[in-house]
Amino acid sequence: GSMTLWALILTATYTANLASLLVDRRAAILEVETVAEAAVFGYPICTVAGTNADTYIEEAFPSARRRPAATIEDMYQGVNSGQCAFAADVVQSWLCNKNKREFNPNCDLD
């Protein structure tokens, strides 16, 4: 009777604790491939105000949550601070800046 109940509670508690250890607690990685997808899902996109990328996103995706920044440094700061999920940058610029501390201080942007 009571020993069976005690064993059941103990087993359930052990199982719940074990399951909590096995759960991956890392944040979900955003699976977005295009600006259109980012706009549809409502992710904020940092841009540099007045650039071709900024103008394109503004015109092609009026519902996009653009966050125009004054400088490229400010744009990446928006991503690093969590204000934006993405930065709209030119590939060559990203390749030049991705290893610089002022753009990617934790080396965790892809």
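Everything here concerns the structure above.
Cut-offs used in this document
Residues numbered from 1 in each chain as written. Predicted model: local features only at pLDDT ≥ 70, side-chain atom pairs only at ≥ 80, totals over all residues. Heavy atoms only, no water. Disulfide = S-S within 2.5 Å. Helix = DSSP H or I, 4+ residues; strand = E, 2+ residues; numbered from the N terminus. Buried < 20%, exposed > 50% of the residue type's maximum accessible area, 1.4 Å probe, protein only. Phe/Tyr/Trp six-rings, centres within 6.5 Å; stacked < 30°, edge-to-face > 60°. Salt bridge = Lys/Arg side-chain N within 4 Å of Asp/Glu carboxyl O.

Colleague: Quick question: what am I supposed to make of the state of the cysteines here?
Modeller: Every disulfide links exactly two cysteines, by a covalent bond between their sulfur atoms. Taken as a whole and assessed by the stated rule, the structure comprises 1 disulfide. The partner cysteine of Cys 46 in its disulfide is Cys 84, sulfur to sulfur 1.9 Å. As the torsion about the S-S bond is roughly 75 degrees, the Cys 46-Cys 84 disulfide counts as right-handed. With Cys 46 in strand S1 (residues 44–48) and Cys 84 in the loop between helix H4 (72–80) and strand S3 (86–87), the pair connects residues that are 38 residues apart, well separated along the chain. For the residue pair Cys 46 and Cys 84, the accessibility class agrees, reading buried in each case.

Colleague: Help me out: how do you make sense of the packing of aromatic side chains in this one?
Modeller: Each pair of aromatic rings is reported with the distance of its centres and the angle of its planes. With the rule as written, the count across this model stands at 3 aromatic pairs. The interplanar angle of 75 degrees and the centroid separation of 5.7 Å between the aromatic rings of Tyr 43 and Phe 86 together place this pair among those described as edge-to-face. Of this pair, Tyr 43 sits in the loop between helix H2 (35–41) and S1 while Phe 86 is found in strand S3, placing the two residues 43 residues apart along the sequence. With a relative accessible area of 22%, Phe 86 lands in the partly exposed category. With 5.8 Å between their ring centres and 85 degrees between their planes, Tyr 56 and Phe 61 make a pair best called edge-to-face. Phe 61 gets classed as buried once you look at its relative accessible area, which sits at 18%. Ring-pair connections join several aromatic residues into one group, and the members of that group are Phe 41, Tyr 43 and Phe 86.

Colleague: How do you make sense of the pattern of salt bridges when you look at a structure like this?
Modeller: Proximity of charged atoms lets side chains of opposite charge pair with each other. Overall, the coordinates contain 2 salt bridges when judged by the stated rule. Residues Asp 54 and Arg 66 are paired through a salt bridge, measuring 2.8 Å at the closest nitrogen-oxygen approach. In this pair, Asp 54 is assigned in helix H3 (residues 52–60) and Arg 66 in strand S2 (residues 65–69), connecting sequence segments 12 residues apart. Arg 66 is the partner of Glu 58 in a salt bridge, and the nearest nitrogen-oxygen pair spans 4.0 Å.

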